[in-house]
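So you can see what is in the structure, the chains are spelled out below.
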Amino acid sequence: MNDIANPDASIDFSTVDEWHTETDVLIIGGGGAGLSAAIEAADAGARVIVLEAASETGGSTAMAGGLIYMGGGTPTQLACGFEDDIEEMYAYLMQAAGPDADADKVRLYCDRTLEHYDWLTRQGVVFKPEYYPYKHTNTPNEAALMITGNEEAWPYSTHARPAPRGHKPQIKGDHGGIPLMANLLCSAREKGVQIVCEARALSLVKRGEEIVGAAVRIDMQVRYFRAQRGVVLAAGGFIMNRDMVETYAPRLARGNYPNGNPNDTGDGIRIGMAAGGAVTNMHEGFICTPFYPPHQFLESIIVDETGKRFINEDVYHGRLGSAILDRPDGRYYLIIDSRHFKVLERPPMGGYPVAGTGENIDELESELALPRGALSTTLDTYNRHARAGEDPQCHKHAKYLTPLDQPPYAAFDLTVGNGGIFATMTFGGLNTLPTGEVLSTDNTILPGLYAAGRNSAGLPRCAEGYSSGMSIGDATFFGRLAGLSAAMRTW
Ligand SMILES: Cc1cc2nc3c(=O)[nH]c(=O)nc-3n(C[C@H](O)[C@H](O)[C@H](O)COP(=O)(O)OP(=O)(O)OC[C@H]3O[C@@H](n4cnc5c(N)ncnc54)[C@H](O)[C@@H]3O)c2cc1C
């Protein structure tokens, strides 16, 4: 018995003296990517086992808002009166993914977005055909459809025609991950997938270059699971592993709210690296500071310690979070006037303290210790242009350009470390082909090894452009492809 199994070393086939069980496709992790992989592999006729470290499947996907990024004229979009175009979606997602976009994955994802919508509904997922028209982190009611990123915000709006593409499985409020994962679990079970909970994968077993199984801790014992066709790593991201975050993604270490389940410890990534897999995009992740809802706060201005604006305030909260964490030693304030006080029954979602108030802007400026005259100059310029429906400085959408000219004024403190939420999760992982095949450090395919979801680097690639729905869209879609590839492997 090999009792030194750990994520940073693979085990040689010859040292395994007893196999606990055998299957065709072994899937490590029972979240969105893992169960999607399992369903496709089972549909392709493979025997499938899912190993899940927790006592239930679901992972971060079940905790999530459940928004799934789909477009090109889905039945939900059409029922809500929105036309969309796959090329517009592609143009948007390429921008959203940023300079390190994986164009092949984005292309395939867009080309098959309607098929993926259809697949999800065939697993029992219901999208209530209602549109939620306001900027929010999720639809607060049961409506499926909303804009979930920077589609309407500059500069994204200048490159692709905006459309609402976030689709939430039907449930009231921010809990769409629950019905999604309940449906995927039922479907996997119906197809005969065997699910083993409280089973933590420790490392892979290799025969030469080929991945042929995994060492797994169950009941405090190491057991070996043989996979005849392939192993799919789908064990989520690494935001809960402080050492990995500090090593690979130090910008994310400045956040104060790791967004994920406790098993987001990067096991699958480490297991894959130990088997020879290459990683990519490890420095990137999601950085969210939810200054809305309520949506009226998009009419505010956001300034730094110089008293100047630096961003169009109608951006997705991840773009703002990214801009702030890029320079975390700065001070940041969201400035509102008396018109917004009525929405203060609900303060900004991010939990920011009030940094100052003023009967006039000079008083507020002095309370915030900003350079003399800076805030009033910023506000005068902003208001003058807002009255004309323009924002030549930061290009905020005209629908949010209400002049801030109704004193008294107040400011919320968005400064890092002063109480506001900066939630983070990782985007980096194993370097995979769209089929889920894991590439080695010398860019060859590792036979028998597949990865999906946050164990791989997929659609979401950068904090600045991220849109809600890209992660679960990626995990479920590319999870399916990884499961299918493993089930069909013939070499
Ligand atoms: C609160 C919250 C809200 C979110 N909202 C959205 C949203 O609305 N839309 C969106 O697109 N994204 C959202 N996300 C992000 C998204 O949920 C995740 O990025 C995505 O679901 C990850 O899917 P996954 O399958 O890779 O990982 P997971 O769903 O986390 O699944 C991984 C599974 O692997 C298991 N595991 C880990 N290590 C091992 C091991 N060694 N052996 C066996 N099992 C193991 C874990 O327990 C887990 O069950 C949200 C995330 C959070 C936390």
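Placed above this text is the structure.
Residues numbered from 1 in each chain as written. Predicted model: local features only at pLDDT ≥ 70, side-chain atom pairs only at ≥ 80, totals over all residues. Heavy atoms only, no water.

Peer 1: It is not clear to me how the sheet that holds strand β14 (residues 301-304) should be interpreted in this structure. Could you clarify?
Peer 2: Through backbone hydrogen bonds, the strands of a sheet pair up, either in parallel or in antiparallel fashion. Pairing within the open sheet is antiparallel, and its four strands lie in the order β14-β15-β17-β16. Strands with a single pairing partner mark the edges of an open sheet, and in this sheet they are β14 and β16 (354-358). Neighbour-to-neighbour, the strand axes of this sheet turn through a mean angle of 25 degrees, independent of strand direction. Where strand β15 (residues 332-337) meets strand β17 (residues 409-413), five bridges bridge the pair, whose relative direction is antiparallel. (Pairing = 2+ DSSP bridges. Helix = DSSP H or I, 4+ residues; strand = E, 2+ residues; numbered from the N terminus. Axes fitted to C-alpha atoms, helices over the stretch in contact; angles between N-to-C directions.)

Peer 1: Please explain the site of the ligand as it appears in this structure.
Peer 2: Around the ligand sit 39 residues in total, of which E52, S60, T61, R454 and I472 are the nearest. At a separation of 3.2 Å, an oxygen atom of the ligand approaches a polar backbone atom of G32. With respect to the ligand, the side chain of E52 contributes an N or O atom lying 2.6 Å from an oxygen atom. Protein coverage of the free-state accessible area of the ligand, which is 1,000 Å², stands at 93%. (Near = heavy atom within 4 Å. Polar contact = N/O pair within 3.5 Å; in protein donor to acceptor, adjacent residues only side chain to side chain. Areas by Shrake-Rupley, 256 points an atom, 1.4 Å probe, with all protein chains shown as cover.)

Peer 1: What is the right way to look at empty space enclosed by the protein in this model?
Peer 2: A probe as big as a water molecule, rolled over the atoms, marks out the empty space that is left. Considering all chains together, one arrives at three cavities of 30 Å³ or more under this definition. Taken as a whole, the largest cavity encloses approximately 90 Å³ of empty space. Taken together, Y131, Y132, P133, Y134, K135, M146, I147, E152, K399 and Y400 make up the lining of the largest cavity. A class-by-class count of the residues in the lining of the largest cavity yields seven nonpolar, no polar and three charged. As for the second largest cavity, its lining consists of K105, T432, L433, P434, G436, A451, A452, G453, S456, G458, D474 and F478. Across the lining of the second largest cavity, the residue classes break down as five nonpolar, five polar and two charged. (1 Å grid on protein atoms, 1.4 Å probe; cavity = no way out; pocket = protein on both sides within 12 Å on 5 of 7 lines; lining within 4 Å. Points joined across faces, edges and corners; volume = space filled by probe spheres on them. Nonpolar A, V, L, I, M, F, W, Y, C, P; charged D, E, K, R; others polar.)

Peer 1: Help me understand the side chain of D264, please; the structure alone is not making it clear to me.
Peer 2: Note on placement: D264 falls in the loop between β11 (257-258) and α9 (267-274). With no salt bridge to any partner, buried D264 finds its closest opposite charge in R454, at an N-O distance of 8.8 Å. Here S60 takes part through its side chain, which lies 3.0 Å from a polar atom of the side chain of D264. A polar contact is formed between the side chain of D264 and the backbone nitrogen of G237, at a distance of 3.2 Å. In contact with D264, not counting residues within four places along its chain, are S60, A235, G236, G237, F238, I239, M240, N241 and N259. (Buried < 20%, exposed > 50% of the residue type's maximum accessible area, 1.4 Å probe, protein only. Lys, Arg positive; Asp, Glu negative; His and termini not counted. Salt bridge = Lys/Arg side-chain N within 4 Å of Asp/Glu carboxyl O. Contact = heavy atoms within 4.5 Å.)

Peer 1: Got a minute to help me understand the nonpolar core in this structure?
Peer 2: Grouped burial of nonpolar side chains is what soluble globular proteins tend to show. Of all hydrophobic cores here, the largest spans 93 residues; its most connected members are V25, I27, V48, L93, Y109 and L414. Residues lining this core come from more than one domain, with at least three contributed by each of domain 1 (1-285 + 425-491) and domain 2 (290-413). With near-sequence residues (within four places) excluded, V25 lies in contact with A41, A46, R47, V48, I49, G230, V232, A486 and A487. Core analysis: the second largest hydrophobic core is formed by 23 residues, L51, F225, V231 and L430 among them. (Core = buried A, V, L, I, M, F, W, Y, C linked by side-chain atoms within 4.5 Å. Domains from an automatic or database assignment.)

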